[in-house]
Amino acid sequence: MFNNIVSIEELRKTQSQWHDKSYEMTFTLGRPAKNSTFTEYVRNYKEGWCFYGQSQWYLFRKEDQDKINAFVSAS
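Summarised in this report is the structure supplied together with it. (Residues numbered from 1 in each chain as written. Predicted model: local features only at pLDDT ≥ 70, side-chain atom pairs only at ≥ 80, totals over all residues. Heavy atoms only, no water.)

For the rest of this paragraph, the subject is the pattern of salt bridges. Applying the stated criterion to the full structure yields three salt bridges. Arginine 12 is paired through a salt bridge with glutamate 24; the nearest N and O atoms lie 3.0 Å apart. A residue pair is termed long-range when its members are at least 10 positions apart, and arginine 12 in strand β1 (residues 5-13) and glutamate 24 in strand β2 (residues 22-29) qualify at 12 residues. A salt bridge links aspartate 64 to arginine 61; its shortest N-O distance comes to 3.4 Å. (Salt bridge = Lys/Arg side-chain N within 4 Å of Asp/Glu carboxyl O. Helix = DSSP H or I, 4+ residues; strand = E, 2+ residues; numbered from the N terminus.)

In structure tokens form, the structure reads like this:
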């Protein structure tokens, strides 16, 4: 089952020698039993926002891309 981003609490720029658009994002995922809050490193590539897991970068889904972009625009 997929979990959507319910809210984004913080998105702050981090220093990376490999990528100039690296951030740390604190966000809440909607889950059936209970919402869960995470803090993850994310990057903004030309393809969209990605998170790191299992030794590779994954694109957020379209709906979550829109939420992240709206959060960035409002900041």
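Another aspect to go through is helix α1 (residues 62-74). For α1, spanning 13 residues, the distance from its first C-alpha to its last is 18 Å, which sits close to the expected 18 Å at 1.5 Å a residue. Taken residue by residue, α1 has Asp64, Gln65 and Ile68 as its buried positions. The arc enclosing the buried residues of α1, seen along the axis, measures out at 105 degrees, which places them on a common side. Pointing more than 90 degrees away from the buried face of α1 are the exposed residues Lys62, Ser73 and Ala74. (Expected span 1.5 Å × (residues − 1). Buried < 20%, exposed > 50% of the residue type's maximum accessible area, 1.4 Å probe, protein only. Arc of directions from axis to C-beta.)

Our focus in this paragraph is the nonpolar core. By size, the foremost hydrophobic cluster in this structure holds 11 residues: Ile5, Ile8, Leu11, Tyr23, Met25, Phe27, Leu29, Val42, Trp49, Phe60 and Ile68. Among the elements of the structure, β1 and β2 are those that each provide at least two residues to this core. Ranked by residues supplied to this core, first place goes to β2 with four residues. When neighbours within four sequence positions are excluded, leucine 29 is seen to be in contact with Asn3, Asn4, Ile5, Val6, Asn35, Ser36 and Phe38. (Core = buried A, V, L, I, M, F, W, Y, C linked by side-chain atoms within 4.5 Å. Contact = heavy atoms within 4.5 Å.)

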